[in-house]
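So the chains spell out like this:
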Amino acid sequence: MTSEQFLFIADVLPEATLLVSAGGRVLAANRACGERFGMAAELLCGRWLHELVCDAPDEIAGYLRSCSRSRQMVVGAIELSVDGKTEACRAEGGLLRPKSQTDEALLLLRLIPKSSAVGKFVALNQRIGQLADEVQRRKRWQTAAQAVDQRFQTFMINSPTMAFIKDAEGRYLFVNRLLEDRYRRPFQDWIGKTDLDLYPPHHAEQYRRNDARVLDSGITARFTETGLLADGLHHFLSFKFPLEDIAGNRLLGGMSLDITEQRRAEDALRASEDQFRRLADALPQIVWAARPDGFVDYFNERWYEFTGFAREQFGQQGWIGILHPDDVRRTVDTYQVCIQQERLYQIEYRFKDRATGGYRWFLGRAVPMRDERGKVVRWFGTCTDIDETKRAEQKLRFLSDASAGLAELRDPAGDWQSLAEAAVPAFADWCSIDLIDGNAAWRRTAVAHVDQDKMPLVRDLVNRHPPGPTDPRGLGRVITGKPELIEDVSESMLSELAPDPRRARLLRELGMKSYIGVPMLVRGRMLGALSFVMADSSRRFDASDLEVAQELAHRAAIAIDNAHLYQALHG
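Please read these numbers as outputs of a predicted model, since none were measured by experiment.

Asker: Would you mind showing me how to read the packing of aromatic side chains here?
Answerer: The geometry of an aromatic ring pair comes down to the distance between the two centres and the angle between the two planes. Tallied over the full model, the rule gives 18 aromatic pairs. Judged by centre distance (5.0 Å) and plane angle (80°), the rings of Tyr199 and Tyr207 are edge-to-face. For Tyr199, a relative accessible area of 10% gives the class buried. Residue class for Tyr207 comes out buried when judged on its relative accessible area of 6%.

Asker: Which parts of the structure should I look at to understand a negative patch on the surface?
Answerer: On the surface, a cluster of negative charge is made up of Glu388, Glu487, Asp542 and Glu547. Counting through the fold element by element, Asp542 comes out in the loop between strand 20 (525-534) and helix 20 (543-570). Its relative accessible area of 31% is what places Asp542 among the partly exposed residues.

Asker: In this structure, what is going on with helix 10 (residues 201-217)? I would like to understand it.
Answerer: Three- or four-residue spacings in an α-helix give side chains the same orientation, since the helix completes a turn every 3.6 residues. Its 17 residues place the ends of helix 10 24 Å apart at the C-alpha level, agreeing with the 24 Å of an ideal helix rising 1.5 Å per residue. Along helix 10, the positions that sit buried rather than exposed are His203, Ala204, Gln206, Tyr207, Asn210, Asp211, Val214 and Leu215. Seen along its axis, helix 10 keeps its buried residues to an arc of 160°; they face one direction. Opposite the buried face of helix 10, at more than 90 degrees from it, the exposed residues are Pro201, His202 and Asp216. Here the buried face of helix 10 lies against strand 6 (162-167), helix 8 (177-183), helix 9 (195-198), strand 8 (221-229), strand 9 (232-244) and strand 10 (250-258). With its phi angle positive at about 70°, Gly218 sits one or two positions after the end of helix 10.

Asker: Explanation requested: helix 19 (residues 501-509) in the structure shown.
Answerer: Those residues of helix 19 lying buried are Arg503, Ala504, Leu506 and Leu507. Taken down its axis, helix 19 places every buried residue within 160° of arc, on the same side. Phi turns positive one or two residues past the end of helix 19, at Gly511, with a value near 70°.

Asker: Help me understand unusual backbone geometry, please; the structure alone is not making it clear to me.
Answerer: A negative phi angle characterises most non-glycine residues, just as the trans form characterises most peptide bonds. A cis amide bond links Val424 with the next residue in sequence, Pro425, at an omega value of 0°. Note on placement: Pro425 falls in the loop between helix 15 (416-422) and strand 16 (430-436). Here the phi dihedral of Glu342 falls at roughly 55°; this positive angle occurs in a residue that is not glycine. Within the fold, Glu342 resides in the loop between helix 13 (328-341) and strand 13 (345-352).

Asker: Just to check I follow, could you spell out the side chain of Thr384 for this structure?
Answerer: With respect to the helices, strands and loops of the structure, Thr384 is situated in strand 15 (residues 376-385). On the accessibility criterion, Thr384 (9% relative accessible area) is buried. A distance of 2.4 Å separates the side chain of Thr384 from the side chain of Gln285, its partner in a polar contact.

Asker: Can you help me understand the confidence of the model for the protein chain in this one?
Answerer: Detail in the predicted coordinates should be disregarded across regions flagged by low pLDDT. Residue-level pLDDT values for the protein chain average 82, and 85% of them are 70 or greater. Counting contacts from residues 134-148, a segment whose pLDDT is below 50, to residues more than four positions away or on other chains yields 35 contacts.

Asker: How do you make sense of the nonpolar core when you look at a structure like this?
Answerer: As a rule of thumb, soluble globular proteins bury nonpolar side chains together. Membership of the largest hydrophobic core comes to 37 residues, with the highest contact counts inside it found for Trp416, Phe427, Ile433, Met520, Leu530, Phe532 and Leu552. Elements with a minimum of two residues in this core: helix 14 (387-407), helix 15, strand 16, strand 17 (442-449), strand 19 (514-522), strand 20 and helix 20. It is helix 20 that provides the largest number of residues to this core, a total of 10 residues. Contacts of Phe532, omitting those with residues within four sequence positions, involve Ala423, Phe427, Ala428, Trp430, Cys431, Ser514, Tyr515, Ile516, Phe541, Ala549 and Leu552. Grouped together as the second largest cluster of nonpolar side chains are 26 residues, Val20, Leu44, Cys89 and Leu107 included.

Asker: Help me understand the pattern of salt bridges, please; the structure alone is not making it clear to me.
Answerer: Side chains that carry opposite charge are capable of pairing whenever their charged atoms lie near each other. For the structure on display, the rule yields 34 salt bridges. Here Arg209 makes a salt bridge to Glu205, at a shortest N to O gap of 4.0 Å. With Arg209 and Glu205 both in helix 10 and four residues apart, this pair spans about one turn of that helix. Overall, Arg209 belongs to the partly exposed group, its relative accessible area being 43%. In this structure, Asp385 engages Arg360 in a salt bridge whose closest nitrogen and oxygen atoms are separated by 2.8 Å. Of this pair, Asp385 sits in strand 15 while Arg360 sits in strand 14 (residues 359-370), and the two are 25 residues apart along the sequence. For Asp385, a relative accessible area of 27% gives the class partly exposed. According to the relative accessible area criterion, Arg360 is partly exposed, its value standing at 26%.

Asker: What exactly am I supposed to notice about the environment of Asp387 here?
Answerer: Counting through the fold element by element, Asp387 comes out in helix 14. In sequence terms Asp387 and Leu363 are 24 residues apart; their C-alpha atoms lie 9.1 Å from each other. A polar side-chain atom of Asp387 sits 2.9 Å from the main-chain amide nitrogen of Trp361.

What counts, and at which threshold
- Residues numbered from 1 in each chain as written.
- Predicted model: local features only at pLDDT ≥ 70, side-chain atom pairs only at ≥ 80, totals over all residues.
- Heavy atoms only, no water.
- Phe/Tyr/Trp six-rings, centres within 6.5 Å; stacked < 30°, edge-to-face > 60°.
- Buried < 20%, exposed > 50% of the residue type's maximum accessible area, 1.4 Å probe, protein only.
- Patch = residues over 30% accessible without salt bridge, like charges linked within 9 Å, V, L, I, M, F, W, Y side chains within 5 Å.
- Areas by Shrake-Rupley, 256 points an atom, 1.4 Å probe, with all protein chains shown as cover.
- Salt bridge = Lys/Arg side-chain N within 4 Å of Asp/Glu carboxyl O.
- Lys, Arg positive; Asp, Glu negative; His and termini not counted.
- Charge placed at Lys NZ, Arg CZ, Asp CG, Glu CD.
- Helix = DSSP H or I, 4+ residues; strand = E, 2+ residues; numbered from the N terminus.
- Expected span 1.5 Å × (residues − 1).
- Arc of directions from axis to C-beta.
- Contact = heavy atoms within 4.5 Å.
- Polar contact = N/O pair within 3.5 Å; in protein donor to acceptor, adjacent residues only side chain to side chain.
- pLDDT = per-residue confidence, 0-100.
- Core = buried A, V, L, I, M, F, W, Y, C linked by side-chain atoms within 4.5 Å.

And the structure:
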């Protein structure tokens with residue numbers, strides 16, 4: 001894999017990703033990696049990995065040796081220095097090219113901050129794993145003269161466009177069958193010769209000039225070129241791109257499409273668009289494309305599955321309508337600025353999920369595609385679901401904020417209402433706190449609901465039908481010291497939670513969809529209970545939510561116990 005091929009794939013990834021040698025030299029880094037290290041990604045190339053991280057050089061060398069010896073992904077830990085602070089990262093290293101007698105192993109390395117590793121992008125991991133497996137299956141290049149991977153050569157030979165590879169001096173190393181046929185020149189008459197040996201001088205000069213632009217810039221470019229075939233002058237749309245052989249020598253690859261007949265050009269463009277659509281529809285992410293002015297005129301199949309929109313809905317009306325109201329202005333302003341300045345577009349926002357009616361967090365990214373003059377001709381973007389990561393961050397933030405308030409508790413009967421309100425809607429749609437008073441009686445101390453209009457129903461439920469120790473589920477089970485998680489409150493489950501019909505009706509009106517109840521225990525003594533409910537939102541509790549609730553209950557119990565000790569000491 002060359003640096004160009006690596007960056008073509010890696011620059012749209014949201015995680016820091018590097019291509020390194022087995023010895024630890026950085027060969028290529030994507031944009032996210034440059035942002036993580038606080039410098040342009042190009043400046044990382046040529047540096048040693050141990051110079052960029054906080055870990056000892058021998059530790060980094062040992063980890064890279066493990067990566068180069070394994071055919072599976074190797075997980076490790078690397079510390080970065082970001083803005084003067086140490087940041088722990090999960091490292092995932094994979095072998096792309098095994099070590100040979102003439103070249104050392106080539107490794108793909110991803111750095112994922114541990115603070116955001118809760119919600120991993122499973123589909124993205126699979127994609128990188130598949131890429132590593134495919135590269136490992138690549139065969140050795142057959143000859144030093146050709147310096148072409150067998151798999152790549154097979155593709156080029158059978159390509160529906162004329163294809164070729166040259167060395168840095170312009171000598172042909174490879175041509176495909178179509179190029180042989182169109183110019184009626186066999187393969188052996190091409191190899192080792194330059195354009196001046198094969199074409200009229202004015203044609204050869206345009207090829208040489210365009211080749212030099214690509215080799216000097218290291219960037220793929222598109223050109224319109226002319227060539228003299230047996231039946232006369234033809235015009236070609238040529239795509240030229242830099243390559244490297246196994247020894248690191250510069251090569252030039254090219255593919256040329258005959259556009260002499262406009263219909264053939266239109267058919268080829270349509271086939272290319274169909275191929276792009278098939279690829280985009282196979283991806284788990286939302287993929288979209290826009291004109292140079294930012295007007296979105298394409299979405300892949302995943303978009304329509306998620307939104308339920310009709311396929312004729314394009315432009316801003318095709319995506320602004322599903323944005324969370326709090327994200328609209330920020331998203332539109334950022335998008336317009338990026339379009340005007342022709343720079344990378346990246347933002348986090350929430351889209352409405354038609355399947356659940358709730359909102360999910362996405363990471364939006366888009367890059368401009370430019371022609372040979374540097375003019376933006378197209379925008380290509382992706383929307384990656386990061387909802388699990390954002391929810392995990394939200395839970396940790398809620399737990400941290402709630403713990404800070406509990407640490408200041410000096411009175412066991414203190415401001416529990418603030419804790420209940422902090423949980424809504426950060427963690428739940430409805431929260432209630434019950435404590436045991438000095439007479440060993442249960443007392444509803446605080447309650448909060450995301451919908452203030454439903455608070456009278458909550459009070460009515462508590463006043464008329466207070467939970468008791470005889471209830472088979474819910475708080476009746478929790479006060480025995482057992483936590484309870486009900487991911488989906490079915491109709492039959494609702495009957496167990498509220499045997500009384502009136503109480504069940506109130507729970508239906510409050511929209512009880514999912515439930516967590518946890519006891520507050522300290523030294524085996526029951527002090528109270530926390531109850532959390534998901535109501536009309538699309539969210540449902542799971543095992544990770546139960547862990548957060550149990551941790552909060554544990555900290556709340558310690559805070560109450562400490563408050564009792566404080567009162568005993570200070571009268």
